[in-house]
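What follows is each chain in one-letter form.
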Amino acid sequence: KASGGPMINEAVVSTQSTGETDEIKELVLDTMHYCMKVDTEQALTAGAMEVFTSLLTHGTWEIRGKAARDIMDISFPLAGKRRAVKCGCIPVLVKLLADPNFNVRSQAAGALMSIAITTEGKKASIGEGAVEALITLLRMDEGSEVKLNVIKAITMLAEHPEGREKLSEIVPLLEQIKASGGPMMNKVATTAINVITWKP
């Protein structure tokens, strides 16, 4: 298997340096995004999850958005989802669902969707108020990219009994979205409705 190990280690160290400019940090986050398509394990070992989490509160929306995107990337493997819960990035991602920038909101929803695939991730997200934040965002945000990621995250959380109960109130809204959206929106809204209304 190809490995971006040395480059990943260098990149992680670089983003931790307070002397690096925002432009360099953005470049490093983009580099990590592509490296992690090949090797997420090395990134986790190098402490990338912790670095990305620290950058979620950065002053520029570009860096917040790219850090959230990279958390989604590194959370694809099970080890990444577990690390995300452990290192405390979920409460920060939940706060970013109310970020002024639509790209940051979209990437935060995508990262939560990825983390919430596991039961541990679902419980942690629900416990940090992700359901309420996602409902608010679904009602307010007009952007289709944001909406798609929000609905996918909602679907993950609806697989947990507590999440399903809390999300039952938005079924009529999802029905509206399903009726008025394009084929992709229709598909994700239908899946969400089916999961929320499922009876054991």
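Residues numbered from 1 in each chain as written. Predicted model: local features only at pLDDT ≥ 70, side-chain atom pairs only at ≥ 80, totals over all residues. Heavy atoms only, no water.

A. Structural context of the overall build of the protein chain. Each helix and strand in the protein chain was counted, giving 14 helices and zero strands. Listing each helix as α and each strand as β along the protein chain from the N terminus yields α-α-α-α-α-α-α-α-α-α-α-α-α-α. Residue burial in the protein chain is summarised as follows: out of 200 residues, 53% are buried. Across the protein chain, every contact between residues at least 6 apart in sequence was considered, and the portion connecting residues at least 24 apart equals 70%. Working note: accessible area of the protein chain is about 9,400 Å², and carbon and sulfur atoms make up 57% of it. (Helix = DSSP H or I, 4+ residues; strand = E, 2+ residues; numbered from the N terminus. Buried < 20%, exposed > 50% of the residue type's maximum accessible area, 1.4 Å probe, protein only. Contact = heavy atoms within 4.5 Å. Areas by Shrake-Rupley, 256 points an atom, 1.4 Å probe, with all protein chains shown as cover.)

B. Layout of helix H8 (residues 102–115). The end-to-end C-alpha separation of H8 is 20 Å, in line with the 20 Å expected for 14 residues at 1.5 Å each. Burial runs high along H8: 13 of the 14 residues are buried. The N-cap of H8, judged by a side-chain oxygen 2.9 Å from the amide nitrogen of Asn103 a few residues on, is Asn101. (Expected span 1.5 Å × (residues − 1). Polar contact = N/O pair within 3.5 Å; in protein donor to acceptor, adjacent residues only side chain to side chain.)

C. Here's a closer look at the side chain of Lys81. Position of Lys81 relative to the elements: it lies in helix H6 (residues 78–86). Despite its burial, Lys81 remains without a salt bridge, the nearest opposite charge being carried by Glu120 at 10 Å. At 3.1 Å, the side chain of Lys81 forms a polar contact with the backbone oxygen of Phe76. Setting aside residues no more than four positions away along its own chain, Lys81 makes contact with Ser75, Phe76, Ser114, Ile115, Ile117 and Thr118. (Lys, Arg positive; Asp, Glu negative; His and termini not counted. Salt bridge = Lys/Arg side-chain N within 4 Å of Asp/Glu carboxyl O.)

D. Up close: the nonpolar core. Core analysis: the largest hydrophobic core is formed by 63 residues, its most contacted members being Leu56, Ile71, Leu93, Leu134 and Leu167. Top element by residues in this core is helix H11 (residues 144–157). It accounts for eight residues. Residues within four places of Leu56 in sequence aside, it is in contact with Arg64, Ala67, Ala68, Ile71, Cys89, Val92, Leu93 and Leu96. (Core = buried A, V, L, I, M, F, W, Y, C linked by side-chain atoms within 4.5 Å.)

E. Main features of the pattern of salt bridges. Applying the stated criterion across every chain yields a total of ten salt bridges. Here Glu26 and Lys66 are joined by a salt bridge, their closest N and O atoms 3.3 Å apart. Of the two residues, Glu26 sits in helix H2 (residues 22–35) while Lys66 sits in helix H5 (residues 61–74), which places them 40 residues apart along the sequence. Residue class for Lys66 comes out buried when judged on its relative accessible area of 19%.

F. Layout of the packing of helix H10 (residues 130–140) against H11. Packing of H10 against H11 leaves a shortest axis separation of 10 Å and a crossing angle of 150 degrees. Here H10 is positioned roughly antiparallel relative to H11, judged by the angle of their axes. Crossing of H10 against H11: the hand is left-handed. Note on element contacts: H11 touches H10 through Val146, Lys147, Val150, Ile151, Ala153, Ile154 and Leu157, opposite Ala130, Val131, Leu134, Leu137 and Leu138. Each residue belonging to the contact of H10 with H11 can be placed in one class, and the counts come to eleven nonpolar, no polar and one charged. (Axes fitted to C-alpha atoms, helices over the stretch in contact; angles between N-to-C directions. Parallel < 35°, antiparallel > 145°, perpendicular 65-115°, else oblique. Left-handed = near helix turned anticlockwise from the far one by under 90°. Nonpolar A, V, L, I, M, F, W, Y, C, P; charged D, E, K, R; others polar.)

G. Quick look at the state of the cysteines. The final tally for this structure, using the stated rule, is zero disulfides. Free of any disulfide, Cys87 has its nearest cysteine sulfur in Cys89, 4.8 Å distant. (Disulfide = S-S within 2.5 Å.)

H. Spatial organisation of the side chain of Thr53. Residue position: Thr53 is located in helix H4 (residues 48–55). Aside from chain neighbours lying at most four places away, what touches Thr53 is Ile71, Cys87, Gly88 and Cys89.

I. Molecular detail of the packing of H4 against H5. It is at 8 Å that the axes of H4 and H5 come closest, and there the two elements cross at 150 degrees. With respect to each other, H4 and H5 are oriented roughly antiparallel. The two elements H4 and H5 cross, and the hand of that crossing is left-handed. Along the contact surface, H4 presents Ala48, Met49, Phe52, Thr53 and Leu55, while H5 presents Ile63, Arg64, Ala67, Asp70, Ile71 and Ile74. In terms of residue class, the contact of H4 with H5 is built from eight nonpolar, one polar and two charged.

These values are about where atoms sit, not about what they do.
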